[in-house]
Amino acid sequence: MLQVRSVFRSALRKMSGGGANKLGLELSPYLRQHKDNPVHWYPWGQEAIDRARAENKMIFLSIGYSTCHWCHVMERESFENKDVAAIMNRHYINVKVDREERPDVDKVYMTFVQATTGSGGWPLSIFLAPDLNPVYGGTYFPPSGNYGRPGFTQILEALAAQWEDNKEDMVEAGVEVIKIIHHKLGAGSSQPGPL
């Protein structure tokens, strides 16, 4: 079934002629809800990964689902905001995943967030190296910080600066966490299925 969906999506994308945001022709209603965001979203797939590798940028991976309240709040506060989108588009390759369509991707990165923060939930917000190893993650981030906690724009800028100065250490730390998860829980918790 996954292969049929992949072939169908590929044909639709070729017919569409593209655009900055690549979610308009996805099968998932959740992904299509984000098609008009100013964020240059990609669906989970080889095109986004290849671009991240070619540009040596981190991937911002946002995982959610249609009936998730906080997913819609984060969209309204951050993903529809042109200033926030400009930061995302400048520093990251942005990927949106419907957890109901790709539970394998959700499981891997939810396990990482739970292992590194002690909690999880949706929207799941993950920063990945171009090799798909997670570097940092959390759930809902408000657009600006308060009560001593950083906001989404601060996190975006700080991680982008850290990536410029210290990417090898960031990747190494993420790989070490994934090795521990793999050792404790097995490969299904540390690697998503095929693209």
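No experiment lies behind these values; they were computed from the predicted model shown.

Parameters and conventions
Residues numbered from 1 in each chain as written. Predicted model: local features only at pLDDT ≥ 70, side-chain atom pairs only at ≥ 80, totals over all residues. Heavy atoms only, no water. Pairing = 2+ DSSP bridges. Helix = DSSP H or I, 4+ residues; strand = E, 2+ residues; numbered from the N terminus. Axes fitted to C-alpha atoms, helices over the stretch in contact; angles between N-to-C directions. Contact = heavy atoms within 4.5 Å. Buried < 20%, exposed > 50% of the residue type's maximum accessible area, 1.4 Å probe, protein only. Core = buried A, V, L, I, M, F, W, Y, C linked by side-chain atoms within 4.5 Å.

## Observations regarding the sheet that holds strand β2 (residues 58-64)
Thinking step 1. An order of β1-β3-β2-β4-β5 is seen for the five strands of this open sheet, with the pairing classed as mixed. Since the sheet does not close on itself, it has two edges, and those belong to β1 (41-43) and β5 (134-138), each with one partner. Taken over all neighbouring pairs, the strand axes of this sheet differ in orientation by 25° on average, direction set aside.
Thinking step 2. Its contacts with the sheet place helix α4 (residues 69-79) against β1, β2, β3 (92-98) and β4 (124-128), and it is angled at close to 140° to β2.

## What to know about the pairing of β4
Thinking step 1. When you tally the buried positions in β4, you get five out of five residues, the bulk of the element.
Thinking step 2. Residues Leu-124, Ile-126 and Leu-128 line one face of β4 and the alternating positions Ser-125 and Phe-127 line the opposite face, and both faces are buried.
Thinking step 3. Looking at chain direction, β2 and β4 are connected through five bridges and run antiparallel. Within the sheet, the bridge partner assigned to Phe-60 lies in β4 and is Phe-127.
Thinking step 4. Two successive antiparallel strands, β4 and β5, enclose a turn made up of five residues, where Leu-132 displays a positive phi of approximately 75°.

## Topic: the nonpolar core
Thinking step 1. By size, the foremost hydrophobic cluster in this structure holds 30 residues, and its most contacted members are Met-88, Phe-127 and Phe-152.
Thinking step 2. Taken together, the elements giving at least two residues each to this core come down to α2 (29-32), β2, α4, α5 (82-91) and α7 (152-185).
Thinking step 3. When residues in this core are grouped by element, the largest group, seven residues, is from α7.
Thinking step 4. If we ignore the near neighbours within four places in the chain, the residues touching Met-88 are Val-39, Trp-41, Phe-60, Phe-79, Asn-94, Phe-152 and Leu-156.

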